[in-house]
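Here's the letter readout for the chains.
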Amino acid sequence: MPSTEELLKRLGVSIDPETLRLALTHRSYAYENGGIPTNERMEFLGDALLGFAVTDALYRDNPDLSEGELAKLRSSVVSTRALAGVARSLNLGEYILLGQGEILTNGKDKSSILADTTEAIIGATYLTNDIETVRQMVMRLIAPLLKDAATLGAGTDWKTSIQEFAANRKLGTVDYRVTGTGPDHARVFEAVLHIGGEAFGTGTGRSKKEAEQESASATWKMLTEPAEIPAD
């Protein structure tokens, strides 16, 4: 694992070395090293702190939105996909302690592992500092996501949103046709979303679920964004 000094610099906080190491300890590594503690309890704490910071910001910045609309925006900001994007911007994967199985399957770039570790880092920040330090760090990390949240519409559970959209308008059955390419340790999936037998959005990802969400997101934009009117 590289020195964590650069990671802390990117985060803009100080974290006790032992606490930080625990935050970076994935269960696969813990299992292979005699059942040492994992970052899962810290992830649990960080999830709650992240939810609070994001909810507070959305509540203050969007006085005209309903509870339901605020909930959808929050979902878009704290989703696995969004948090994994934050983690990649920090190069967090290079610092996560993984077991050999996860290393061989490129676990350092798996969205679920990246998102969970991001939450653990938030928990570690709180344990070393205080809730205001956490809030400020979270705001720095997710500021672009909050800025874009209002344009995300359905949030990140695009599959549910597409299902509801198609059902309400009686468009037909929604199904995803997924194909995978590449070796097992670096497999890439492509999903094409069909509604009523007609192909719509396409998405790719390192898992079937991620590819399906991408295709649902692309389809949502196709169905809800106004068509451009060509100039005369």
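In what follows, the accompanying structure is described. Computed from a prediction, not measured in an experiment: that's the story for all the values here.

**Observations concerning the overall build of the protein chain**
Step number 1: Helix and strand counts for the protein chain stand at 11 helices and 3 strands.
Step number 2: Counting from the amino terminus, helix and strand elements in the protein chain follow one another as α-α-α-α-α-α-α-α-α-α-β-β-β-α.
Step number 3: Each principal axis of the C-alpha atoms in the protein chain carries an extent, and together these give about 60 × 50 × 35 Å.
Step number 4: Taken across its 232 residues, the protein chain has 42% of its residues classed as buried.

**Some words on the side chain of N39**
Step number 1: Within the secondary structure, N39 sits in the loop between helix 3 (27-32) and helix 4 (40-61).
Step number 2: At a separation of 3.0 Å, a polar atom in the side chain of N39 contacts the main-chain carbonyl oxygen of A23.
Step number 3: Not counting residues up to four positions away in its chain, the partners in contact with N39 are L22, A23, L24, T25, H26, T117 and A120.

**Some words on helix 5 (residues 67-77)**
Step number 1: Here helix 5 has its buried residues at L70, L73, S76 and V77. Along helix 5, the residues classed as buried sweep out an arc of 120° about the axis, all on the same side.

**A few points about the pairing of strand 3 (residues 198-205)**
Step number 1: Bridge count between strand 2 (residues 188-195) and strand 3: 6 bridges; the pairing is antiparallel. Residue V192 lies in a different strand from strand 3, and its bridge partner there is T202.

**Here's the deal with the nonpolar core**
Step number 1: Of all hydrophobic cores here, the largest spans 41 residues; its most connected members are L11, V138 and I142.
Step number 2: When contributions to this core are tallied by element, the ones reaching two or more residues are helix 1 (5-11), helix 2 (17-23), helix 4, helix 5, helix 6 (80-90), helix 8 (111-128) and helix 9 (131-149).
Step number 3: Apart from residues no more than four positions distant in its own chain, I142 is found in contact with V54, V77 and V86.
Step number 4: Ranked by size, the runner-up nonpolar core spans 11 residues in total, among them V174, Y176, L193 and I195.

**Remarks on the sheet that holds strand 3**
Step number 1: Spatial strand order, 1-2-3: 3 strands in an open sheet with antiparallel pairing. Edge positions in the sheet fall to strand 1 (174-181) and strand 3, since each has one partner strand and no second. In this sheet, neighbouring strand axes are inclined to one another by 20° on average, regardless of whether the strands run parallel or antiparallel.

**Here's the deal with the packing of helix 4 against helix 8**
Step number 1: Contact geometry for helix 4 and helix 8: axes closest at 7 Å, N-to-C directions at 85°. Overall, the two elements helix 4 and helix 8 adopt an arrangement that is roughly perpendicular. Of helix 8, the residues touching helix 4 (which contributes M42, E43, L45, G46, D47, L49 and L50) are D116, E119, A120, I122, G123, A124, Y126 and L127.
Step number 2: Residue composition of the contact of helix 4 with helix 8, by class: 9 nonpolar, 2 polar and 4 charged.

**Some words on a nonpolar patch on the surface**
Step number 1: There is a patch of nonpolar side chains on the surface, built from F52, Y126, L127 and I131 and spanning about 380 Å² of accessible area.
Step number 2: By the element assignment, Y126 lies in helix 8.

**Quick look at helix 6**
Step number 1: Those residues of helix 6 not exposed but buried are A82, L83, A84, V86, A87 and L90.
Step number 2: N91 lies just past helix 6 and shows a positive phi near 60°.

**Regarding the packing of helix 6 against helix 8**
Step number 1: Put simply, helix 6 and helix 8 touch, their axes get as near as 8 Å, and they point 75° apart. Taken together, the axis directions place helix 6 and helix 8 in an arrangement best described as roughly perpendicular. Residues T80, L83, A84, A87 and R88 of helix 6 pack against S111, S112, L114, A115, T118 and E119 of helix 8.
Step number 2: Split into classes, the residues belonging to the contact of helix 6 with helix 8 amount to 5 nonpolar, 4 polar and 2 charged.

**What to know about the environment of A191**
Step number 1: Assignment of secondary structure puts A191 in strand 2.
Step number 2: The exposure class assigned to A191 is buried, which follows from its relative accessible area of 0%.
Step number 3: On a C-alpha basis, the gap between A191 and L141 in space is 29 Å, while along the polypeptide they are 50 residues apart.
Step number 4: Leaving out residues up to four positions away in the same chain, A191 has contacts with R177, V178, G201, T202, G203, A211, E212 and S215.

Basis of the calculations
Residues numbered from 1 in each chain as written. Predicted model: local features only at pLDDT ≥ 70, side-chain atom pairs only at ≥ 80, totals over all residues. Heavy atoms only, no water. Helix = DSSP H or I, 4+ residues; strand = E, 2+ residues; numbered from the N terminus. Buried < 20%, exposed > 50% of the residue type's maximum accessible area, 1.4 Å probe, protein only. Polar contact = N/O pair within 3.5 Å; in protein donor to acceptor, adjacent residues only side chain to side chain. Contact = heavy atoms within 4.5 Å. Arc of directions from axis to C-beta. Pairing = 2+ DSSP bridges. Core = buried A, V, L, I, M, F, W, Y, C linked by side-chain atoms within 4.5 Å. Axes fitted to C-alpha atoms, helices over the stretch in contact; angles between N-to-C directions. Parallel < 35°, antiparallel > 145°, perpendicular 65-115°, else oblique. Nonpolar A, V, L, I, M, F, W, Y, C, P; charged D, E, K, R; others polar. Patch = residues over 30% accessible without salt bridge, like charges linked within 9 Å, V, L, I, M, F, W, Y side chains within 5 Å. Areas by Shrake-Rupley, 256 points an atom, 1.4 Å probe, with all protein chains shown as cover. Salt bridge = Lys/Arg side-chain N within 4 Å of Asp/Glu carboxyl O.

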